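# Results of the structural survey
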Amino acid sequence: MDIEIQPVTQPKPRIEDESKLVFGRQFTDRMFVMEYDAGRGWHSARIQPYAPFTLDPAALVFHYAQEIFEGLKAFRRQDGSIALFRPKDNIRRFNQSASRLCMPPVDEEFFFEAIRKLIRLEADWVPHSEGTSLYIRPTMIATEAVLGVKPSEKYLCYIILCPVGAYYKGGFKPVRIWISDQFVRSAPGGTGEVKCGGNYAASLLAAKEAATKGFDQVLWLDAVERRYVEEVGSMNICFLYDGKIVTSPLHGTILNGVTRRSILQLGAEMGYTVEERAMSVDELLDGAESGRLAEAFGTGTAAVVSPVGQLTYRDRTVTIGDGQMGPLTMKLYKALTGIQYGREPDTHNWIEML
């Protein structure tokens, strides 16, 4: 399938002050779009001006939430070149999400080339300042106009781009976490490992309650026993416990994060034992009080790592370490961002240059 390149007749003003960039507010001139019809497959691939869509009010995405998305980044390096971090892993996970929600897969090589072509055309939008990047959001939605619980026979797939600022503009600030024993993020057999909008919508009430209590985020426990740690907010979470890096196992209820896999591999290469095992909330809190739990941090595309300084569960509050960003957390952050921005060699073949 060829990709039609449509002209942009009214380009948007370019970024003047990159220090004012915020996440998800400003979008580039172009987007990639293609459509799917049962019996025909994917068709009409194009890079067109960024613009709203017109959808029928009965489109299945509005009623039964058949929708998936991904998130990855492009990085401007000191020599002006642009690097993508593990894009094929994100495309592979995009197809895994599609399979779970009965949506058609994309051709992974074609989709990768579509991302590359789009970013090449929008290269001027990739910011230059330290810590900034171009966020890439592939999305697929069901568009068949019918009220009925079934897989759609029509889909729209698109990719939009968003220049984003440095995540830690004012320095690293460890977050305060509320551990919820009422709300759960996902359940066994559900869609916890899928990157779909429904998972995030279901998390909003707990996040709102955490904020009203003065916390930055929610730590989710498992849905069966309400005892074992799973994720923090929309991020995977890791602990430095007894000198080992410990994180929740992948058993269908948490996202198989690309950043998570990268951090665990780097940690192992630094000489740390990595354990993917269930950790109970009691073990976590007792470990913080005894000193066995030295560090905790979330991992994800936006922040890379997000240090956790304090945990509260019911009427019990504990501080992790000295409440500041720990040395391992900082070391892992510098190692991964060093690879992304080209300050460190990529010995893992994680980088794809445009």
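Note that the structure is a prediction, hence the values are computed from the model and not measured.

The end-to-end C-alpha separation of helix 8 (residues 327-341) is 21 Å, in line with the 21 Å expected for 15 residues at 1.5 Å each. Helix 8 sits mainly inside the fold: 11 of its 15 residues count as buried. Within the span of helix 8, buried status applies to Leu328, Thr329, Leu332, Tyr333, Ala335, Leu336, Thr337, Gly338, Ile339, Gln340 and Tyr341.

Among the 7 residues that make up strand 12 (residues 235-241), 7 are buried, leaving the element largely enclosed by the rest of the structure. In strand 12, alternate side chains face the same way, and those of Met235, Ile237, Phe239 and Tyr241 on one face and Asn236, Cys238 and Leu240 on the other are all buried. The pairing of strand 11 (residues 229-232) with strand 12 spans 2 bridges and is classified as antiparallel. Note on strand 12: the bridge partner recorded for Val232 is Met235. Where strand 11 folds back on strand 12, the antiparallel hairpin that results is connected by 2 residues, among which Gly233 adopts a positive phi of roughly 60°. Sheet analysis places strand 12 next to strand 13 (residues 244-247), joined by 4 bridges and oriented antiparallel. Bridge pairing in strand 13 places Leu240 opposite Ile245.

This next bit is on the packing of aromatic side chains. Within the structure shown, the criterion is met by 12 aromatic pairs. Between Phe32 and Phe111 the ring centres are 6.3 Å apart and the planes differ by 80°, which places this aromatic pair in the edge-to-face class. In this pair, Phe32 sits in strand 2 (residues 30-37) while Phe111 sits in helix 3 (residues 108-121), placing the two residues 79 residues apart along the sequence. Residue Phe32 is classed as buried on the basis of its relative accessible area, which comes to 0%. Each ring, one from Phe172 and one from Tyr333, has its centre 4.9 Å from the other, and the planes form 85°; the classification is edge-to-face. Here Phe172 is found in the loop between strand 8 (154-164) and strand 9 (175-179), whereas its partner Tyr333 is found in helix 8, with 161 residues between them in sequence. Judged by its relative accessible area of 27%, Phe172 falls in the partly exposed class. An aromatic cluster is built from Phe32, Phe94, Phe110 and Phe111, whose rings are joined through pairwise contacts. Its guanidinium or amino end placed over the ring of Tyr50, Lys12 lies 4.3 Å from that ring's centre, counting from NZ or CZ.

Another point: the side chain of Thr253. Take Thr253: it is sitting in the loop between strand 13 and helix 6 (258-269). You can call Thr253 buried: its relative accessible area is 2%. Separated by 3.1 Å, the side chains of Thr253 and His251 make a polar contact. Setting aside its immediate chain neighbours within four residues, Thr253 contacts Arg185, Ser186, Ala187, Pro188, Gly192, Glu193 and Glu230.

As a further point, take the pairing of strand 2. In terms of burial, strand 2 is a largely internal element, 6 of the 8 residues being buried. Of the strand pairs in this sheet, strand 2 and strand 3 (residues 41-49) are connected by 7 bridges, and their pairing is antiparallel. Opposite Arg30, over in strand 3, you have Pro49 as the bridge partner. Adjacent in sequence and paired antiparallel, strand 2 and strand 3 are bridged by 3 residues, among which Gly39 carries a positive phi angle near 90°. Here strand 2 runs beside strand 8; their pairing, made up of 6 bridges, is antiparallel. Residue pairing across strands places Asp37 opposite Lys154, the latter belonging to strand 8.

Further remarks concern the environment of Phe172. Taking the C-alpha atoms as reference points, Phe172 and Ser306, separated by 134 residues in sequence, lie 8.1 Å from one another. Contacts of Phe172, omitting those with residues within four sequence positions, involve Met325, Met330 and Tyr333.

What follows covers the packing of helix 6 against helix 8. Where helix 6 contacts helix 8, the axes come no closer than 10 Å and their chain directions differ by 115°. With respect to helix 8, the element helix 6 is oriented roughly perpendicular. As helix 6 runs across helix 8, the sense of the crossing is right-handed. Together, Thr259, Ser262, Ile263, Leu266 and Gly267 of helix 6 and Leu332, Ala335, Leu336 and Ile339 of helix 8 make up the contact between the two elements.

Next up on the list: a nonpolar patch on the surface. A cluster of nonpolar side chains, Tyr64, Leu147 and Val149, forms an exposed patch at the surface whose accessible area comes to about 340 Å². Take Tyr64: it is sitting in helix 1 (residues 60-64).

Once that is clear, we can look at helix 2 (residues 87-100). Taking 1.5 Å as the rise per residue, helix 2 with 14 residues should run 20 Å; its terminal C-alpha atoms sit 20 Å apart, in good agreement. Among the residues of helix 2, those classed as buried are Pro87, Asp89, Asn90, Ile91, Arg93, Phe94, Asn95, Ser97 and Ala98. Positive backbone phi, at 60°, marks Cys102, one or two positions downstream of helix 2.

Core analysis: the biggest nonpolar cluster contains 49 residues, and Ile179, Leu219, Phe239, Leu284, Val308 and Leu311 have the highest contact counts within it. A total of 7 residues in this core trace back to one element, the largest contributor, which is helix 8. Those residues in contact with Leu219 that sit more than four places away from it in its chain are Ile177, Trp178, Ile179, Ser180, Val229, Glu231, Val232, Ile237, Leu284 and Leu311. Core analysis: the second largest hydrophobic core is formed by 37 residues, Ile68, Leu101, Ala114 and Ile115 among them.

The rules behind each value
- Residues numbered from 1 in each chain as written.
- Predicted model: local features only at pLDDT ≥ 70, side-chain atom pairs only at ≥ 80, totals over all residues.
- Heavy atoms only, no water.
- Helix = DSSP H or I, 4+ residues; strand = E, 2+ residues; numbered from the N terminus.
- Expected span 1.5 Å × (residues − 1).
- Buried < 20%, exposed > 50% of the residue type's maximum accessible area, 1.4 Å probe, protein only.
- Pairing = 2+ DSSP bridges.
- Phe/Tyr/Trp six-rings, centres within 6.5 Å; stacked < 30°, edge-to-face > 60°.
- Lys NZ or Arg CZ within 6 Å of the ring centre and 35° of its normal.
- Polar contact = N/O pair within 3.5 Å; in protein donor to acceptor, adjacent residues only side chain to side chain.
- Contact = heavy atoms within 4.5 Å.
- Axes fitted to C-alpha atoms, helices over the stretch in contact; angles between N-to-C directions.
- Parallel < 35°, antiparallel > 145°, perpendicular 65-115°, else oblique.
- Left-handed = near helix turned anticlockwise from the far one by under 90°.
- Patch = residues over 30% accessible without salt bridge, like charges linked within 9 Å, V, L, I, M, F, W, Y side chains within 5 Å.
- Areas by Shrake-Rupley, 256 points an atom, 1.4 Å probe, with all protein chains shown as cover.
- Salt bridge = Lys/Arg side-chain N within 4 Å of Asp/Glu carboxyl O.
- Core = buried A, V, L, I, M, F, W, Y, C linked by side-chain atoms within 4.5 Å.

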